[in-house]
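The chain contents come next:
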Amino acid sequence: MVGSRFVRAVDLAGEWHGDQRRKGTKIPYISHLLAVASLVLEARGDESLAIAALLHDSIEDVGVSQVRIEREFGSRVARIVKACSDGTPNTKRTAKNWKKRKRAYLRKLETAHRDALLVSCADKLHNARSILLDLRREGDALWNRFNQKDPAMQRWYYESLAEVFGRRIRKPKWLPEELTRTVQEIFL
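Here the structure is a predicted model, which is why all the values come from computation and not from measurement. (Residues numbered from 1 in each chain as written. Predicted model: local features only at pLDDT ≥ 70, side-chain atom pairs only at ≥ 80, totals over all residues. Heavy atoms only, no water.)

Caption draft 1: Geometry of the overall build of the chain. When its secondary structure is counted, the chain shows 10 helices and zero strands. Starting at the N terminus and ending at the C terminus, the chain contains elements arranged as α-α-α-α-α-α-α-α-α-α. Considering only C-alpha atoms, the chain reaches an extent of 40 × 35 × 30 Å along its principal axes. Taking all 188 residues of the chain together, the buried fraction comes to 48%. Long-range contacts, defined here as pairs at least 24 residues apart, represent 69% of the contacts in the chain between residues at least 6 apart. In the chain, the 36 positive side-chain charges and the 24 negative ones have mean positions that sit 4 Å from each other. (Helix = DSSP H or I, 4+ residues; strand = E, 2+ residues; numbered from the N terminus. Buried < 20%, exposed > 50% of the residue type's maximum accessible area, 1.4 Å probe, protein only. Contact = heavy atoms within 4.5 Å. Lys, Arg positive; Asp, Glu negative; His and termini not counted. Charge placed at Lys NZ, Arg CZ, Asp CG, Glu CD.)

What follows is the structure in structure tokens.
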């Protein structure tokens, strides 16, 4: 069940990400955060996992401190959000450092706690579903919105993610399996 802590997290996610949009779209970024939280809840995650899902980009994208998240929602949520972060706001994200950052994130997943794996897999699944939908709408022009515009590099990353999640997440198995299916469909 979710309660007032979850509602507080929705409010903060809206405040922290309110002016952001999904890459190359007019879609409010909070839609992604809510979708990731929904996937976590469907995977039988508890309220703390759903809160971490809502806040999973707050450190790297907005610069919210891990201390602030811990003060608001406890150490478990703060640890999960930190583990799901791919860099910090100070990390410049470019095509030049893209592969290095993605390799580092994949290495981090190899030892990540189950909680972080679940939130991260839900995040990547929603991203992959969005890519697939936009690929159907826009075709290959979609790749131009990303720092890494090469579909082969994107394929390497998403297939690597699917492999790690498939190997490391035992329950619920449907989550990494759905990521694998979606990635296969993207890169047919």
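Caption draft 2: Region of interest: the pattern of salt bridges. Tallied over the full model, the rule gives 19 salt bridges. Across the salt bridge formed by arginine 76 and aspartate 115, the nearest N and O atoms sit 2.9 Å from each other. Here arginine 76 is found in helix α6 (residues 75-84), whereas its partner aspartate 115 is found in helix α8 (residues 114-138), with 39 residues between them in sequence. For the salt bridge of aspartate 134 with arginine 137, the shortest nitrogen-to-oxygen distance reads 3.2 Å. With aspartate 134 and arginine 137 both in helix α8 and three residues apart, this pair spans about one turn of that helix. The exposure class assigned to aspartate 134 is buried, which follows from its relative accessible area of 7%. Taken together, the salt bridges that share partners define one network made up of Asp134, Arg137, Glu138 and Arg145. (Salt bridge = Lys/Arg side-chain N within 4 Å of Asp/Glu carboxyl O.)

Caption draft 3: Expanded view of the packing of aromatic side chains. Here the structure, examined in full by the defined rule, presents six aromatic pairs. A ring pair is formed by tryptophan 98 and tryptophan 156, whose centres lie 6.1 Å apart and whose planes are at 65°; its orientation type is edge-to-face. Of this pair, tryptophan 98 sits in helix α7 (residues 95-111) while tryptophan 156 sits in helix α9 (residues 151-168), and the two are 58 residues apart along the sequence. Judged by centre distance (5.9 Å) and plane angle (40°), the rings of tryptophan 143 and phenylalanine 146 are tilted. (Phe/Tyr/Trp six-rings, centres within 6.5 Å; stacked < 30°, edge-to-face > 60°.)

Caption draft 4: Structural view of the side chain of glutamine 148. With respect to the helices and strands, the residue glutamine 148 is situated in the loop between α8 and α9. Judged by relative accessible area, glutamine 148 falls into the buried class, the value being 12%. There is a polar contact of 3.1 Å between the side chain of glutamine 148 and the backbone nitrogen of aspartate 150. (Polar contact = N/O pair within 3.5 Å; in protein donor to acceptor, adjacent residues only side chain to side chain.)

Caption draft 5: Layout of unusual backbone geometry. Each neighbour pair has its own omega, and for lysine 171 with proline 172 the value is -5°, a cis peptide bond. For arginine 44, which is not glycine, the phi torsion reads 70° and is therefore positive. If you trace the backbone, arginine 44 turns up in the loop between α2 (30-42) and α3 (47-55). Judged by its relative accessible area of 75%, arginine 44 falls in the exposed class.

Caption draft 6: A look at the packing of α3 against α6. Between α3 and α6, whose axes approach to 9 Å, the crossing angle comes to 40°. Viewed along their axes, α3 and α6 adopt a mutual orientation that is oblique. Considering how the two elements wind past one another, α3 and α6 form a crossing that is right-handed. Contacts from Ser48, Leu49, Ile51, Ala52 and Leu55 of α3 reach α6 at Arg76, Val77, Ile80 and Val81. When its residues are assigned to classes, the contact of α3 with α6 shows seven nonpolar, one polar and one charged. (Axes fitted to C-alpha atoms, helices over the stretch in contact; angles between N-to-C directions. Parallel < 35°, antiparallel > 145°, perpendicular 65-115°, else oblique. Left-handed = near helix turned anticlockwise from the far one by under 90°. Nonpolar A, V, L, I, M, F, W, Y, C, P; charged D, E, K, R; others polar.)

Caption draft 7: The side chain of serine 120, seen in detail. Assignment of secondary structure puts serine 120 in helix α8. Beyond its immediate chain neighbours, meaning those up to four positions away, serine 120 contacts Cys84, Tyr105, Leu109 and Phe165.

Treat this as a map of the structure, not an account of what it does.
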